[in-house]
Amino acid sequence: SCLCAVEGDRPLVYGNIASMMKVIHAVDEHASQEETLAAFDAMIREQLPAILEASAGRFALPYKYVCFMTFCITGAGMVDRLAVVGSWGVHTNRYMVEMVNATVAAFTGLPLIFAAMDFFAGRFLSLAGCREQAWLACGLFLVSVLAVVLFQTLEILSRMAFNLSGGPHGGLSSPGLLAYLVYCAIIALATLRIFSGRWQPWSKSPPLKKLHHRLGQEAAVVEQDSVICEPDGVSEEYN
């Protein structure tokens, strides 16, 4: 299903793919071209993400770029809310709490949601058809639940910390503030650990040593197949 700039090159591309798959013993020597191409598609879905991850990193975007995008979203909302401070029931204390929550969301909560979406989108790439759609739908549902729990907990704890339920002007509550700070610290540490690459509980890439070892084995197989053994025991290499 690849796109060719020159459609007439498609048989040549398919033939080269089939030859390569047989040389590295990924398929049987007598496998048909359809079987070979199906095995190639499966191999690309399963192995290429791990190789790209080992080369470029776990996430498509670094943490600072994710924060830039999320802060543009939450920052725009805060600027918009600034226009109604003092009216429509929005008081200064309430606005300050919303601004703190928006900052926490921009630098911790929303990046965590991005990481969760990356996890579900990057797993089981070999699935196709209805199973692929079902997996993505399940991932979307679970990520939505995570977002609701994450931000609703932040909202509830902020109300407890600043005692907003007691009136529009509120006031600090020591137990609530402690719980709020602990919660923010937990999600901040989790975000930094995940995006720093030191903790990747769902990482689908093998360790680099194992990856290099496997690539070396495949290269050795190709090199071995490029040697023709003569009857008298003398071998010569051919191009």
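Residues numbered from 1 in each chain as written. Predicted model: local features only at pLDDT ≥ 70, side-chain atom pairs only at ≥ 80, totals over all residues. Heavy atoms only, no water.

**Here's the deal with the overall build of the chain**
Reasoning step 1: If you tally the helices and strands in the chain, you get seven helices and two strands.
Reasoning step 2: Seen in sequence order, the chain has helices and strands lined up from the N terminus as α-α-α-α-α-α-α-β-β.
Reasoning step 3: Evaluated residue by residue, the chain yields a buried proportion of 28% over its 239 residues.
Reasoning step 4: Across the chain, every contact between residues at least 6 apart in sequence was considered, and the portion connecting residues at least 24 apart equals 58%.
Reasoning step 5: Summed over all atoms, the accessible surface of the chain reaches about 15600 Å², with 66% contributed by carbon and sulfur. (Helix = DSSP H or I, 4+ residues; strand = E, 2+ residues; numbered from the N terminus. Buried < 20%, exposed > 50% of the residue type's maximum accessible area, 1.4 Å probe, protein only. Contact = heavy atoms within 4.5 Å. Areas by Shrake-Rupley, 256 points an atom, 1.4 Å probe, with all protein chains shown as cover.)

**Topic: helix α3 (residues 63-82)**
Reasoning step 1: The terminal C-alpha atoms of α3 lie 28 Å apart, and with 20 residues this matches the ideal 28 Å at 1.5 Å per residue to within 8%.
Reasoning step 2: Taken together, the buried positions of α3 are occupied by V66, C67, T70, T74, G75 and M78.
Reasoning step 3: Next to the buried residues of α3 lie α4 (92-122) and α6 (174-196). (Expected span 1.5 Å × (residues − 1).)

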